[in-house]
Structure formats: C-alpha cells, structure tokens
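The lines below spell out each chain.
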Amino acid sequence: MNDRPAADGPADPMDTIAAQWRRERPDLDLSALGVLGRLSRAAALVSARVDAVLAEHGLRGGEFDVLAALRRAGEPYTLIPSELADTLMMTRAGMTGRIDRLERAGLVERRIDPADRRSFLVALTAEGLRAIDGVLADHADNLARITGVLDPETADGLDRALRLMLRGLEGSPGAG
C-alpha cells in the first residue's frame, strides 16, 4: 500500500486517511486510495491555478479550450462546430453556448461553409487570435510553474503512468 510517508517528504492528509482506514477496515484493499486521492486533489489545485490565469485574461476554461482548438487548427483558424465539439469531447449543444459567448465577445465569428451552404464554420477573429496568443504565454508559464516541482524524469514517469491509466479508463466498460 503506497500510503505511508515517502522518503522524499513528510506525511500528508492522504497518509492519515489511509492509516485510519487500515485501522478501521483492515479487511479492505485500499491500496489505490493514496494515488487516486492525491490525483484528485492535484487535479483540483491545478484547475484552480489554471482558472485564475485564464480569468486574468477575461476567459473561462471552456472558452479558452475553444480558442485554443481553433488556434491549433492552423490558418485560417477555422473548424466546423461538430469538429470543435469532438475535439473538446463535449456535446453539440454545449458547444453552441460557448460559441455564442465567444461570438458576443468578438473573439470568433460564424461563417457560411463554402463547401456546404447548409453548414457554417467557426473562425477566430483578429481579436480572438490576439487573445489566445496573449493568454497562451501566461498559461504556458503557469503550467511550467505547476510542474516545476518535478524533475524531468519524474515528470516523464508521471506522464507515462497517467497515459496508461487513461487508456484503461477510456477503454473499459462504463467509461464515458
């Protein structure tokens, strides 16, 4: 059970919780508790720090995700809404709300799709391109600060471990 203080640091709240469960329910295998509890807590803390940087730029996480997906698409920074929804693993209805907010803010625009006049494209405006490029530098710095406590070998190991875990979760029955 990986729930005891590591050689590289003092006990944390997950160590206390695991010890309490070992005492109260020694019959249960709760060996994953420490890893998943810490992963959950880390995700919440990372999310809060990312949200804070995005808020400094007047964006919410979902809006940033749309702008970033359009920017990553390359010139002309345009995708159809279903591609955006698929890329961001969300519903078409949820995507419509995000596009509406970004369009009102002048960061994206809807254009008729010349290949299919029944459909439309979502494109970054010049203001949207400036906005996403501006926030990306601060976002990248923030991510580097967050992971800066890890040496490169540890960061690589964590990346590999999380990739394996996600493959198992996404490929297992009942996975969303």
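What you see is a predicted model, and the numbers here were worked out from it, not measured in a lab.

**Quick look at the overall build of the chain**
Line of reasoning, step 1. Of regular secondary structure, the chain possesses 7 helices and 3 strands.
Line of reasoning, step 2. Listing every helix and strand of the chain by position from the N terminus yields α-α-α-β-α-α-β-β-α-α.
Line of reasoning, step 3. Relative to a compact globule of 176 residues, whose C-alpha radius of gyration would be 16 Å, the chain shows 21 Å and is clearly more extended.
Line of reasoning, step 4. Once the C-alpha set of the chain is aligned to its principal axes, its extents read approximately 65 × 35 × 25 Å.
Line of reasoning, step 5. Restricting the contact set of the chain to residue pairs at least 6 apart, pairs at least 24 apart contribute 43%.
Line of reasoning, step 6. Here the chain has roughly 11600 Å² of accessible surface; of this, 56% comes from carbon and sulfur atoms.
Line of reasoning, step 7. In the chain, the 23 positive side-chain charges and the 28 negative ones have mean positions that sit 3 Å from each other.

**What to know about the nonpolar core**
Line of reasoning, step 1. Within the largest apolar cluster, 24 residues are counted, with the highest numbers of intra-cluster contacts made by Leu-67, Leu-70, Leu-84, Met-95 and Val-108.
Line of reasoning, step 2. If you list the elements that add at least two residues to this core, you get α2 (33-56), α3 (61-72), α4 (81-87), α5 (92-104), β3 (116-124) and α6 (126-147).
Line of reasoning, step 3. Element by element, the count of residues in this core is highest for α3, at 6 residues.
Line of reasoning, step 4. Beyond its immediate stretch of four places on either side in the chain, Leu-67 contacts Leu-59, Leu-102, Leu-107, Val-108, Leu-124 and Ile-132.

**Considerations on the packing of helix α1 (residues 13-24) against α2**
Line of reasoning, step 1. α2 packs onto α1 with a crossing angle of 145 degrees between their chain directions and a minimal axis gap of 10 Å. Of the two elements, α1 crosses α2, and the hand of that crossing is right-handed. Contact residues: α1 offers Met-14, Asp-15, Ile-17, Ala-18 and Trp-21, while α2 offers Leu-33, Gly-34, Gly-37 and Arg-38.
Line of reasoning, step 2. Here the residues of the contact of α1 with α2 sort into 5 nonpolar, 2 polar and 2 charged.

**Concerning the pairing of strand β2 (residues 108-113)**
Line of reasoning, step 1. Both β2 and β3 contribute to a ladder of 6 bridges, which runs antiparallel. Each bridged residue has a counterpart across the sheet, and for Arg-111 the counterpart in β3 is Leu-121.

**Description of the sheet that holds strand β1 (residues 78-79)**
Line of reasoning, step 1. Here we have 3 strands laid out as an open sheet, ordered β1-β3-β2, and antiparallel in their pairing. A single partner strand is all that each edge strand has here, and the edge strands are β1 and β2.
Line of reasoning, step 2. Packed onto the sheet, α3 meets β1, β2 and β3 and runs at close to 100 degrees relative to β3.
Line of reasoning, step 3. Packing of α5 onto the sheet brings it into contact with β2 and β3, and relative to β2 it is tilted by some 115 degrees.

**Let's talk about the UniProt feature "domain: HTH marR-type" (unreviewed entry) in the chain**
Line of reasoning, step 1. Feature annotation in UniProt assigns "domain: HTH marR-type" (unreviewed entry) to the following positions: residues 29-167.
Line of reasoning, step 2. Strand forms 12% of residues 29-167 and helix 68%; the C-alpha atoms that close the span are 23 Å apart.

**Comments concerning α6**
Line of reasoning, step 1. Over its 22 residues, α6 runs 32 Å from end to end, which matches the ideal 32 Å to within 8%, given 1.5 Å per residue.
Line of reasoning, step 2. Every buried residue of α6 is listed here: Gly-128, Ile-132, Val-135, His-139, Asn-142 and Ile-146.
Line of reasoning, step 3. The elements touched by buried residues of α6 are α2, α3 and β3.

**Re the pattern of salt bridges**
Line of reasoning, step 1. Tallied over the entire structure, the rule returns 13 salt bridges.
Line of reasoning, step 2. A salt bridge links Asp-100 to Arg-110; its shortest N-O distance comes to 2.6 Å. Taken together, the positions of Asp-100 in helix α5 and Arg-110 in strand β2 put the pair 10 residues apart, joining distant regions of the chain.
Line of reasoning, step 3. Judged by its relative accessible area of 27%, Asp-100 is partly exposed.
Line of reasoning, step 4. According to the relative accessible area criterion, Arg-110 is partly exposed, its value standing at 26%.
Line of reasoning, step 5. With a closest N to O distance of 3.1 Å, Arg-118 and Asp-116 form a salt bridge.
Line of reasoning, step 6. A residue is classified by how much of its surface remains accessible, and Arg-118, at 78% relative accessible area, is exposed.

**Some details on the environment of Thr-87**
Line of reasoning, step 1. With respect to the helices and strands, the residue Thr-87 is situated in helix α4.
Line of reasoning, step 2. Beyond its immediate stretch of four places on either side in the chain, Thr-87 contacts Ala-69 and Arg-72.

What counts and what doesn't
- Residues numbered from 1 in each chain as written.
- Predicted model: local features only at pLDDT ≥ 70, side-chain atom pairs only at ≥ 80, totals over all residues.
- Heavy atoms only, no water.
- Helix = DSSP H or I, 4+ residues; strand = E, 2+ residues; numbered from the N terminus.
- Rg over C-alpha atoms; globule rule 2.2 N^0.38 Å.
- Contact = heavy atoms within 4.5 Å.
- Areas by Shrake-Rupley, 256 points an atom, 1.4 Å probe, with all protein chains shown as cover.
- Lys, Arg positive; Asp, Glu negative; His and termini not counted.
- Charge placed at Lys NZ, Arg CZ, Asp CG, Glu CD.
- Core = buried A, V, L, I, M, F, W, Y, C linked by side-chain atoms within 4.5 Å.
- Buried < 20%, exposed > 50% of the residue type's maximum accessible area, 1.4 Å probe, protein only.
- Axes fitted to C-alpha atoms, helices over the stretch in contact; angles between N-to-C directions.
- Left-handed = near helix turned anticlockwise from the far one by under 90°.
- Nonpolar A, V, L, I, M, F, W, Y, C, P; charged D, E, K, R; others polar.
- Pairing = 2+ DSSP bridges.
- UniProt positions renumbered as here; feature names shortened; annotations may be inferred.
- Expected span 1.5 Å × (residues − 1).
- Salt bridge = Lys/Arg side-chain N within 4 Å of Asp/Glu carboxyl O.

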